[in-house]
Amino acid sequence: MDEGRTWDYAVAAGDRITDRFPLDLFDSGMYHLCVCGPNGFFRDFRGHRDDPGLAVSLTSAADGAVLKLINHDPARPLNVTVEDQSYGASPRALHVSPGAVSVVRLNLNRSHGWYDLRICVAGSPDYEQRYAGHVETGRESFTDPLIA
């Protein structure tokens, strides 16, 4: 795959977009993909073809966000660390059993709805996912407190 390649997409409000990037397009099965969007939306996915079978999703909630971790590996438990990279929340260590779902509720009141999370798995040094942005509620909000 070309280093630094960019794909541009346009999506209307409320629409969804999906794409696939086969691992055989990446040198040595190593990948690094970044997704940037409006209002601070950022995702960073790094890893290797031997990544753990962890699926991560982040959804909005009334007082913040909900991080959902699903271990798709039928035999291997995963020790997952969720670290706040910017707003001062304590790191969380989670043990996700094979086939299990772990849910982390994130209260984002202190950061006015802004988040910056790094998700890592013990024993998988190449695997890292980063989720940053702002939970949109439709109400008036505050500029990222780290900008000031």
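Numbers given for residues are sequential positions, taken from 1 along each chain in its written order. Only residues with pLDDT of at least 70 are given local features in this predicted model, and only at 80 or more are side-chain atom pairs given and counted; all residues enter the totals for whole chains, interfaces and linings. No hydrogens and no water enter the side-chain calculation; it runs on all heavy atoms of the structure.

Attention shifts here to the overall build of the chain. When you go through the chain residue by residue, the secondary structure sums to zero helices and nine strands. By definition, any uninterrupted DSSP run of H or I lasting at least four residues is a helix, any uninterrupted run of E lasting at least two residues is a strand, and each is numbered from the N terminus. Shown N-terminal to C-terminal, the secondary structure of the chain runs as helices and strands in the order β-β-β-β-β-β-β-β-β. In terms of overall dimensions, the chain is globule-like: its C-alpha atoms have a radius of gyration of 16 Å, near the 15 Å expected for 148 residues. In terms of overall dimensions, the chain has C-alpha extents of about 45 × 35 × 30 Å along its principal axes. Throughout, the radius of gyration refers to the C-alpha atoms, and the reference size of a globule is 2.2 Å times the residue count to the power 0.38.

Definition of nonpolar core: a set of buried residues of the types Ala, Val, Leu, Ile, Met, Phe, Trp, Tyr and Cys, connected through side-chain atoms within 4.5 Å. Using a 1.4 Å probe on the protein chains alone, a residue whose accessible area is under 20% of its type maximum counts as buried, one over 50% counts as exposed, and one in between counts as partly exposed. If you look at the biggest cluster of nonpolar residues, it comprises 24 residues, and the most contacted ones within it are Leu54, Val56, Leu58, Leu67, Val80, Leu106 and Ile119. Contributions of two or more residues to this core are made by strand 1 (30–36), strand 3 (54–61), strand 4 (64–71), strand 5 (78–84), strand 6 (92–96), strand 7 (101–107) and strand 8 (114–121). In this view, leucine 67 contacts Val56, Ser57, Leu58, Val82, Ser102, Val103, Val104, Leu106 and Ile119; residues no more than four positions away in its chain are not counted. Here, residues are in contact when the closest pair of their heavy atoms is within 4.5 Å.

What follows covers the packing of aromatic side chains. Note on aromatic contacts: the rings of Phe and Tyr and the six-membered ring of Trp form a pair at centre separations within 6.5 Å, being stacked when their planes are under 30 degrees apart, edge-to-face when over 60 apart, and tilted otherwise. Within this structure, the stated rule accounts for three aromatic pairs. Taking the centre distance of 6.4 Å and the plane angle of 70° together, the rings of phenylalanine 26 and tyrosine 31 count as edge-to-face. Between phenylalanine 45 and tyrosine 131 the ring centres are 6.1 Å apart and the planes differ by 90°, which places this aromatic pair in the edge-to-face class. Placement of the pair is phenylalanine 45 in strand 2 (residues 42–48) and tyrosine 131 in strand 9 (residues 128–134), with a sequence separation of 86 residues. We classify tyrosine 131 as buried; its relative accessible area is 5%.

So, on to the sheet that holds strand 7. The criterion for strand pairing is that DSSP finds at least two bridges linking the strands in question. Reading across from one edge, 3-4-7 is the order of the three strands in this open sheet, with antiparallel pairing throughout. Of all strands in the sheet, those bounded by a partner on one side alone are strand 3 and strand 7. Strand-to-strand twist across the sheet, computed as the mean angle between neighbouring axes with direction ignored, equals 20°. When strand 4 meets strand 7, the two strands line up antiparallel, connected through seven bridges. Within the sheet, the bridge partner assigned to valine 66 lies in strand 7 and is arginine 105. Under this scheme, a helix contributes an axis fitted over its contacting stretch, all axes are lines through C-alpha atoms, and angles between N-to-C directions fall in the 0 to 180 degree range.

Below, the discussion takes up unusual backbone geometry. Unusually for a residue other than glycine, asparagine 39 sits at a positive phi of about 55°. Its location among the elements puts asparagine 39 in the loop between strand 1 and strand 2. In this structure, histidine 112 is a non-glycine residue whose phi angle is positive, near 60°. Positionally, histidine 112 belongs in the loop between strand 7 and strand 8. When its relative accessible area of 35% is taken as the criterion, histidine 112 is described as partly exposed.

In this section: the confidence of the model for the chain. For every residue, the predictor assigns a confidence score, pLDDT, that lies between 0 and 100. Confidence in the prediction for the chain averages 91 pLDDT; 97% of positions are at 70 or higher. Mean pLDDT in the chain bottoms out at strand 1, which sits at 92, and peaks at strand 5, which reaches 98.

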